Amino acid sequence: GFDVERTFLFKDTDAIHDLYPNVLRIQRSVTYSQARAAFGFVDSDSIGKVAFSAVQAAPAFSSSFPRLFPNHPDLPCLVPCAIDQ
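Keep in mind that what you see is a predicted model, and the values were worked out from it rather than measured.

**Regarding the nonpolar core**
Across soluble globular proteins, nonpolar side chains have a tendency to be buried as a group. Core analysis: the largest hydrophobic core is formed by eight residues, namely Ala15, Leu19, Val23, Ile26, Ala54, Val55, Ala58 and Phe65. Every element with two or more residues in this core is listed here: helix H1 (12-29) and helix H3 (47-57). In terms of residue count, the dominant contributor to this core is H1 (four residues). Other than its neighbours up to four places away in sequence, Ala54 contacts Val23, Ile26 and Gln27.

Here it is in structure tokens:
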């Protein structure tokens, strides 16, 4: 079940300072061609729509939360999500 004591909820806009280094790593690592194939982007989509996929992916890495996991930058994370959400 859902245990509120073991759950960390956040807003990207509140956590962006910690997320940003991983956002940049993801943006450098994923080509537009790969993102287009995965998410179905088209040439008329805005640059924000394309860039935001890296912001959505960054929380999957524990190193995005150095204050929450200060000594565990490589701790595995399970992030339940679906592309249609």
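**Let's talk about the packing of aromatic side chains**
Under the definition given, this model contains four aromatic pairs. For the ring pair Phe8 and Phe65, a centre distance of 5.4 Å and an interplane angle of 80° mean the geometry is edge-to-face. Separated by 57 residues along the polypeptide, Phe8 in the segment before H1 and Phe65 in the segment after H3 bring together distant segments of the chain. One aromatic cluster is present, built from ring pairs that chain together Phe8, Phe10 and Phe65.

The rules we used
- Residues numbered from 1 in each chain as written.
- Predicted model: local features only at pLDDT ≥ 70, side-chain atom pairs only at ≥ 80, totals over all residues.
- Heavy atoms only, no water.
- Core = buried A, V, L, I, M, F, W, Y, C linked by side-chain atoms within 4.5 Å.
- Buried < 20%, exposed > 50% of the residue type's maximum accessible area, 1.4 Å probe, protein only.
- Helix = DSSP H or I, 4+ residues; strand = E, 2+ residues; numbered from the N terminus.
- Contact = heavy atoms within 4.5 Å.
- Phe/Tyr/Trp six-rings, centres within 6.5 Å; stacked < 30°, edge-to-face > 60°.

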